[in-house]
Amino acid sequence: MPTIPVLETKRLVLRGPEPEDYPDFKATFTSYRARFMGGPLNAYESWMLYAAEIGHWAIRGYGMWMIHDRKTDETYGMAGGWKPAKWPEAEIAWIIWPDAQGRGIALEATHMARNYFYEKLGWEGAVSYLDPKNLDSIRLAERLGATKDKDAPSVDGNDVVYRHPSPEKLRGSQLADGIALEIESYQNPLFQPKGYAID
Amino acid sequence: MTATLTNTPVLETERLTLRAPIPSDIEPWVAFLVSDRGVWHGGGPENGEGGAWRVAATFAGHWLLNGFGLFVAMEKATGRPVASAGPYAPPDFPEIEIGWSVWSDEDQGKGYASEAAKAIIAHCRDDLKLPSLVSYIAPENARSCALAERLGAVLDAKAKRPHPDDLVYRHFGEAA
């Protein structure tokens with residue numbers, strides 16, 4: 001029977017959303033942090049969306065993973081694929097809990113998820129539907145090599161469409177090396193202090 | 001975690017097979033949820049197809065979160081999915097609820113909701129051993145109120161309810 005695949009990166013483990021992860025999800029989706037994701041939601045809407053994130057896997061065979069720390073298992077947010085009814089194309093989406101931002105976690109998780117969709121599921125491309133005011137996510141889309149596609153249909157006219165590079169454009173490219181290098185610098189900062197000078 | 005619902009129970013009634021949802025149920029389920037009658041189940045025309053799809057996805061995810069959930073009823077004679085019914089347990093509901101819906105207008109009036117609900121109520125009591133089971137029904141949903149009464153549920157005026165206007169019909173067990 002197909003299972004939700006577990007993906008591992010140097011710092012992260014991506015697993016299907018589990019019941020015990022729900023409080024972390026609820027905390028973010030009932031907060032102002034969720035303003036670009038249709039939130040803040042009330043408690044019931046938040047639970048419905050969480051169940052729907054899992055149902056999406058059952059219906060589509062792919063979906064959003066919960067991002068965990070490899071060492072502590074702490075959750076940092078979600079990343080993966082999203083295509084509910086009325087979505088023009090399959091989307092690559094992400095949300096990072098407010099406390100976990102600024103550490104390259106979304107980049108590392110989303111890059112891994114995109115590779116999985118391209119290399120294992122055979123996707124030929126993907127988009128991200130972003131709120132034009134969501135500057136952090138627009139910046140992440142650009143770091144992932146996505147570019148604004150003014151001609152692509154959007155979800156409801158209030159979002160901008162960023163088109164991800166195709167698998168051919170990404171495979172073995174300078175762009176892919178750049179993304180890997182940036183992730184590497186979060187995992188192991190190039191300029192981290194190695195000790196103090198003694199004279 | 002499995003993305004496909006496995007090891008889920010299958011219940012048989014005279015005319016229906018009741019099983020957990022499968023991906024091909026989503027299209028007819030969404031068509032029902034987006035209709036006027038879908039408004040009692042979190043859908044309705046105002047929420048559109050996108051909203052209806054998410055409700056159906058919620059019902060599918062419910063099985064993986066709780067280990068039980070809404071069954072889809074297949075008409076044995078044709079193999080068509082015709083209705084859904086089953087226990088629903090969002091964390092902020094005072095008790096576990098059973099809801100039911102017959103998807104298309106043509107299949108109404110055949111007693112399918114009643115046949116499915118009877119088998120599922122017994123399953124909730126005898127197999128799942130749920131402590132109690134109620135139905136929260138809007139008073140203007142006369143058809144569902146009548147079915148709750150035919151199923152032998154009793155109005156509980158004192159029980160807590162998710163929305164102040166809901167009626168609480170108790171199938172078994174005591175108020176939480």
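For the structure, see preceding data.
A few points on the structure. (Residues numbered from 1 in each chain as written. Chains lettered and ligands numbered in written order. Predicted model: local features only at pLDDT ≥ 70, side-chain atom pairs only at ≥ 80, totals over all residues.)

**With respect to the overall build of chain A**
So, step 1. Secondary structure summary: chain A contains six helices and eight strands in total.
So, step 2. Relative to the compact-globule value of 16 Å for 199 residues, chain A shows a C-alpha radius of gyration of 17 Å, a close match.
So, step 3. Overall, chain A is about 65 × 40 × 40 Å in size when its C-alpha atoms are taken along their principal axes.
So, step 4. Of the contacts made within chain A by residues no fewer than 6 positions apart, 56% connect residues no fewer than 24 positions apart. (Helix = DSSP H or I, 4+ residues; strand = E, 2+ residues; numbered from the N terminus. Rg over C-alpha atoms; globule rule 2.2 N^0.38 Å. Contact = placed C-beta atoms within 7 Å.)

**Some points on the environment of Pro21 of chain B**
Residue and element names in this part refer to chain B.
So, step 1. When you line up the elements, Pro21 lands in the loop between β2 (16–19) and α1 (26–33).
So, step 2. Owing to 26 C-beta atoms within 10 Å, Pro21 belongs among the buried residues under this scheme.
So, step 3. With sequence-adjacent residues up to four places away left out, Pro21 is seen in contact with Phe59, Ala60 and Val72. (Buried ≥ 20, exposed ≤ 12 C-beta atoms within 10 Å, placed from the backbone.)

**Description of the interface of chain B and chain A**
So, step 1. Tallying the contact residues gives 24 residues for chain B and 24 residues for chain A.
So, step 2. Only α1 and α2 (48–66) of chain B provide two or more residues apiece to the side of chain B that touches chain A.
So, step 3. Here the element with the most residues in the side of chain B that touches chain A is α2 of chain B; it accounts for 12 residues.
So, step 4. Across the side of chain B that touches chain A, the residue classes break down as 14 nonpolar, seven polar and three charged. (Nonpolar A, V, L, I, M, F, W, Y, C, P; charged D, E, K, R; others polar.)

**A few points about the environment of Cys124 of chain B**
Residue and element names in this part refer to chain B.
So, step 1. Among the secondary structure elements, Cys124 is positioned in helix α3 (residues 112–126).
So, step 2. Along the chain, Cys124 and Phe172 lie 48 residues apart, while their C-alpha atoms are 9.7 Å from each other.
So, step 3. Setting aside residues no more than four positions away along its own chain, Cys124 makes contact with Pro87, Ile98, Leu130 and Leu133.

**Focus on the packing of helix α3 (residues 105–119) of chain A against helix α6 (residues 174–187) of chain A**
Working note: a packed helix pair is described by the angle between its axes plus the distance between those axes.
Residues and elements named next belong to chain A.
So, step 1. At a minimum axis distance of 9 Å, the contact between α3 and α6 shows a crossing angle of 140°. By the angle class used here, α3 and α6 are oblique. Our pair here, α3 against α6, has a crossing hand that is left-handed. Here Leu107, Glu108 and His111 of α3 lie close against α6, whose contacting residues are Ile179, Glu182, Ile183 and Tyr186. (Axes fitted to C-alpha atoms, helices over the stretch in contact; angles between N-to-C directions. Parallel < 35°, antiparallel > 145°, perpendicular 65-115°, else oblique. Left-handed = near helix turned anticlockwise from the far one by under 90°.)

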